[in-house]
Amino acid sequence: MKLLSLILLLAWSSGALRAQNLIANGDFELGNQGFTSSYTYSATNLTPAQTYGVLKLPKQAHSLFANPGDHTTGTGFMMVVNGASAPPQPVAWTQEVDVAPGTDYTFSIWACNLYGASPSQLEMRINGAVLPPAAEVPIPLGDWTNFSRTWNSGASTTARLEILFATTSYTGNDTALDDFSFSTTDGPCLDDTQIPPGFDYDKLSADVTVPGRSNPFLSGHPDGTQSKGDSAPTQSPVLATAVTSGDILSFSATGSVSHGGLSNPTIPPDGISPGGSASDVGIAGYTGTNSLPIDALVGVFLTDAIPTNPAPAVMDYPEGLDFEVLAPGNNQIFYIGDGLTGNGSGTRQQFVVPNGATRLFLGTTDGFGWYNNSGAFEVRICRLRNIAAGSRLVPTEIRFDKPAYTAAQGDPVNGSIIIDPVPVGGLYSQGMIINLRNREGTVTGVITPVTNPALDHHGIILNSPADTSTSTGVGGLKGSGLFSPGLPVLTRNQLATFTLTGLPAGLYDLQI
Ligand SMILES: [Ca+2]
Ligand SMILES: [Ca+2]
Ligand SMILES: [Ca+2]
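What you see is a predicted model; the values in this text were computed from it and never measured. (Residues numbered from 1 in each chain as written. Chains lettered and ligands numbered in written order. Predicted model: local features only at pLDDT ≥ 70, side-chain atom pairs only at ≥ 80, totals over all residues. Heavy atoms only, no water.)

**Here we look at the confidence of the model for the protein**
Part 1: With 71% of its residues at a pLDDT of at least 70, the protein reaches an overall mean of 78.
Part 2: A low-confidence stretch, residues 440-444 (pLDDT under 50), is modelled with 8 contacts involving residues beyond four sequence positions or located in other chains.
Part 3: This stretch, residues 454-492, has a pLDDT under 50; its non-local contacts, to residues over four places away or in other chains, come to 143 contacts. (pLDDT = per-residue confidence, 0-100. Contact = heavy atoms within 4.5 Å.)

This is the structure:
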């Protein structure tokens, strides 16, 4: 039932996605807030150089200024600036915003002259670099002109936006500014319509090229490490991006590779006939019933630590490779393929970043000897994002209703998983992994979750019945809670109840 409700939820279209203005108070309608300035603020006297106000009527602060209406509505607020007259030019307006790496943005402002002696010349800067050309604001006075500059974030995750004057003329540089905007021009990372209402994807990194020779067993290993006929760093996989536990990722992969080194490889990211490769150098392989197609795109999540033996259990796929949601453990090679449930079509698959993970490596599948492989995959890595919140939404807390549970021999243990609180508005996105451990060592047991239908989430999906990647973890469930907008705000939110059965007497820790 839970899987069915997941599919129904995924089938709702999110509709058109709009580019969001990342600048706060860009229209100045909230007054003198949301930005900083190295100029002196005054609402009544802008006669001295290097002063500014946020005003509806420029003339109220300088009798010689023109008096246009603002750009937003004609009757709203604008930033009115008397430019500085001595170098170095101070920053008239600045604001820092978060950006996605490898993404194109457009920085746009509106400006008009307020005094005719010398037309204003403005510089638009991001992270200290001028976006040419200088913005020469034309006469006549009060005519609003748009200046728009594009910028690629490269490796940056923040952008410090700045407006400065390019000249130091005393009689001039008197300017009104309004309707600043800064938004992506790329559109969403993935424009899939098969995601829940209220969500889209943002880009986690620049697109990544994954050569066919990328041996995933060498993930996180220092130079000189040997595995299966290969060695680091020549056949090392690609360190694709930093990751955050609990995030939900999706992938889009194209291209082709060949494990035999064909000069014109034709195998797409979903791979072909199954093949196995055993666990090695602390990384779980893909063997037996959990063999994977060869020449497929795979990933490995790692903590900051170098992998060491013993490797965790081999990743299993109880729902097959067309899973909706997969929750790998650290140090487990997991199947990605083209990122869709089918080969070239289907639903975008979701991957929950495991607890403690900080890094994602990408490689390909082969049995042995990646050194002679050819071709490459092009991979886009995106993160499911809550549109209304403007960014990835971090939950306040997910926890159990008790710090530990006591089991008597043969008796079931009942408990609850709590979200406390659900953020106002009920918008919520979170992946989770729940591991059952006892304090003595290996036990057998079953954890049976019952999700709370009032919370309208995707459900907890049991896609790995036993997570042995955490050494003493014996039971465990892994899954993704993805919540729709409009949930009631509850003070005590029971995400799920569960029952533990088949446990020897003892004290049990549960970990999320
Ligand atoms: Ca305005
Ligand atoms: Ca090979
Ligand atoms: Ca696929």
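**Re the environment of Thr150**
Part 1: Along the chain, the position of Thr150 falls in strand E9 (residues 145-152).
Part 2: In the structure, Thr150 is positioned 44 residues away from Thr106 in sequence and 4.4 Å away in space, judged by C-alpha atoms.
Part 3: Sequence-distant contacts of Thr150, that is, excluding residues within four places in its chain, are made with Tyr105, Thr106 and Leu131. (Helix = DSSP H or I, 4+ residues; strand = E, 2+ residues; numbered from the N terminus.)

**Details of the coordination of the calcium ion (ligand 3)**
Part 1: At this site the calcium ion (ligand 3) is bound by Asp270 (OD), Asp270 (OD), Asp338 (OD), Leu340 (O) and Gly342 (O), with donor distances of 2.3 to 2.5 Å.
Part 2: Mapped onto the sequence, the residues coordinating the calcium ion (ligand 3) show the spacing D-x67-D-x1-L-x1-G.
Part 3: With a relative accessible area of 21%, Gly342 lands in the partly exposed category. (Donors = N, O, S within 2.8 Å, 3.2 Å for Na, K, Ca; no water. Buried < 20%, exposed > 50% of the residue type's maximum accessible area, 1.4 Å probe, protein only.)

**What about the side chain of Ser108?**
Part 1: Within the secondary structure, Ser108 sits in strand E5 (residues 104-113).
Part 2: Residue classification places Ser108 among the buried residues on the basis of a relative accessible area of 10%.
Part 3: A polar atom in the side chain of Ser108 sits 2.8 Å from the side chain of Asn146.
Part 4: Once residues within four sequence positions are removed from consideration, Ser108 is found in contact with Met124, Asn146, Phe147, Ser148, Asp179, Phe180 and Ser181. (Polar contact = N/O pair within 3.5 Å; in protein donor to acceptor, adjacent residues only side chain to side chain.)

**Section: the coordination of the calcium ion (ligand 2)**
Six octahedral donors around a metal ideally subtend angles of 90 or 180 degrees, whereas four tetrahedral donors ideally subtend 109.5 degrees.
Part 1: Taken together, the protein ligands of the calcium ion (ligand 2) are His259 (O), Asp366 (OD), Gly369 (O), Asn372 (OD1) and Asn373 (OD1), with distances of 2.3 to 2.5 Å.
Part 2: Binding-site remark: the calcium ion (ligand 2) is held by donors from one chain whose sequence spacing is H-x106-D-x2-G-x2-N-N.
Part 3: Asn372 gets classed as partly exposed once you look at its relative accessible area, which sits at 35%.

**Quick look at the pattern of salt bridges**
Part 1: Taken as a whole and assessed by the stated rule, the structure comprises 4 salt bridges.
Part 2: Among the salt bridges present, the one from Arg160 reaches Glu162, with a minimum N-O distance of 3.2 Å.
Part 3: Through salt bridges with shared partners, one network takes in Arg125, Arg160 and Glu162. (Salt bridge = Lys/Arg side-chain N within 4 Å of Asp/Glu carboxyl O.)

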